[in-house]
Amino acid sequence: MICTCIGRHPNAKGARSFMTELLEDMILRLRADTFYIGAESEFEKMVVSVLEALKETHPHISCTVVIPKAPKKELNEQNTVYLKLPKGLDEKHRLSVRNNWLLAPADFLICCAPTGDEAFEKALKEAEKNGQQWMNVSGYICDQRGDA
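Description of the structure in this document.

**So, the pairing of strand 5 (residues 108-112)**
Right, on to step 1. Here strand 5 lies mainly inside the structure; five of its five residues are buried.
Right, on to step 2. Examined bridge by bridge, strand 1 (residues 2-7) and strand 5 share five bridges and lie parallel to one another. Across the sheet, Gly 7 pairs through a bridge with Cys 112, a residue of strand 5.
Right, on to step 3. Relative to strand 6 (residues 133-136), strand 5 is paired through four bridges, and the arrangement is parallel. Within strand 6, the residue paired with Cys 111 across the bridge is Asn 136.
Right, on to step 4. Traced from strand 5 through helix 4 (residues 118-129) to strand 6, the parallel crossover comes out right-handed.

What follows is the structure, encoded as structure tokens:
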């Protein structure tokens, strides 16, 4: 099963234990073994960190980070995809292209979409239209405190 994780939230680090439990449950119950993650927001970086830790007990999982811009210097990082985007693309459209790329192969989307965030709400609508399962964890994260 392919799972994509995207989103942003100001208290993302505070939800580490929640995301650890959720992702491990997906690995065990739903047989999720392939994860695609953005790596721009604190939420996305935290998810990458959680999956790296889970890989120690679940070595069969793979985690690919998708970045919608080329690095200033060439990095030799495994499991990283740099999307080639048209020049002059503004932030909103760049994020939309990235989200569409991440959503395309997904069986399940985990999104942390604060109310009113157009890019992430659009991704959730697209997943629903495509018949993909999805979960917006923003409300769960809002309830987490002090778990860094």
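**Considering helix 3 (residues 91-103)**
Right, on to step 1. Look at helix 3: 18 Å from first C-alpha to last across 13 residues, which is about the 18 Å you get at 1.5 Å a residue.
Right, on to step 2. Among the residues of helix 3, Arg 94, Leu 95, Ser 96, Arg 98, Asn 99, Leu 102 and Leu 103 are the ones counted as buried.
Right, on to step 3. On its buried face, helix 3 sits against strand 1, strand 2 (34-38), helix 2 (42-57), strand 3 (62-67), strand 5 and helix 4.

**Points about the packing of aromatic side chains**
Centre distance and the angle of the planes are the two values used to describe a pair of aromatic rings.
Right, on to step 1. Under the counting rule described, the total for this entry stands at one aromatic pair.
Right, on to step 2. When the ring of Tyr 36 is compared with that of Trp 101, the centres are 5.8 Å apart and the planes differ by 85°; the resulting orientation is edge-to-face. In this pair, Tyr 36 sits in strand 2 while Trp 101 sits in helix 3, placing the two residues 65 residues apart along the sequence.

**Observations concerning the pattern of salt bridges**
Right, on to step 1. Under the defined criterion, the tally for this structure stands at three salt bridges.
Right, on to step 2. Among the salt bridges present, the one from Asp 25 reaches Arg 29, with a minimum N-O distance of 3.0 Å. On the criterion of helical spacing, the pair formed by Asp 25 and Arg 29 is a turn pair, its members being four residues apart in helix 1 (residues 16-29).
Right, on to step 3. Classification of Arg 29 by relative accessible area gives exposed; the value is 58%.
Right, on to step 4. Where Glu 44 meets Arg 98, a salt bridge forms, and the shortest distance between an N and an O atom there is 2.8 Å. Placement of the pair is Glu 44 in helix 2 and Arg 98 in helix 3, with a sequence separation of 54 residues.
Right, on to step 5. Overall, the relative accessible area of 0% leaves Arg 98 in the buried class.

**Structural notes on the side chain of Ser 138**
Right, on to step 1. Position of Ser 138 relative to the elements: it lies in helix 5 (residues 138-142).
Right, on to step 2. Given the relative accessible area of 9%, Ser 138 is considered buried.

**Brief notes about the sheet that holds strand 5**
Through backbone hydrogen bonds, the strands of a sheet pair up, either in parallel or in antiparallel fashion.
Right, on to step 1. If you walk across this open sheet you meet the six strands as 4-3-2-1-5-6, and the pairing is parallel. Unpaired on one side and paired on the other, strand 4 (80-82) and strand 6 mark the two borders of the sheet. Adjacent strand axes in the sheet meet at a mean angle of 20° when their direction is disregarded.
Right, on to step 2. Against the sheet, helix 1 contacts strand 1, strand 2, strand 5 and strand 6, and its axis sits at roughly 175° relative to strand 5.

About the criteria used
Residues numbered from 1 in each chain as written. Predicted model: local features only at pLDDT ≥ 70, side-chain atom pairs only at ≥ 80, totals over all residues. Heavy atoms only, no water. Buried < 20%, exposed > 50% of the residue type's maximum accessible area, 1.4 Å probe, protein only. Helix = DSSP H or I, 4+ residues; strand = E, 2+ residues; numbered from the N terminus. Pairing = 2+ DSSP bridges. Right-handed = clockwise from strand over helix to strand, strands pointing away. Expected span 1.5 Å × (residues − 1). Contact = heavy atoms within 4.5 Å. Phe/Tyr/Trp six-rings, centres within 6.5 Å; stacked < 30°, edge-to-face > 60°. Salt bridge = Lys/Arg side-chain N within 4 Å of Asp/Glu carboxyl O. Axes fitted to C-alpha atoms, helices over the stretch in contact; angles between N-to-C directions.

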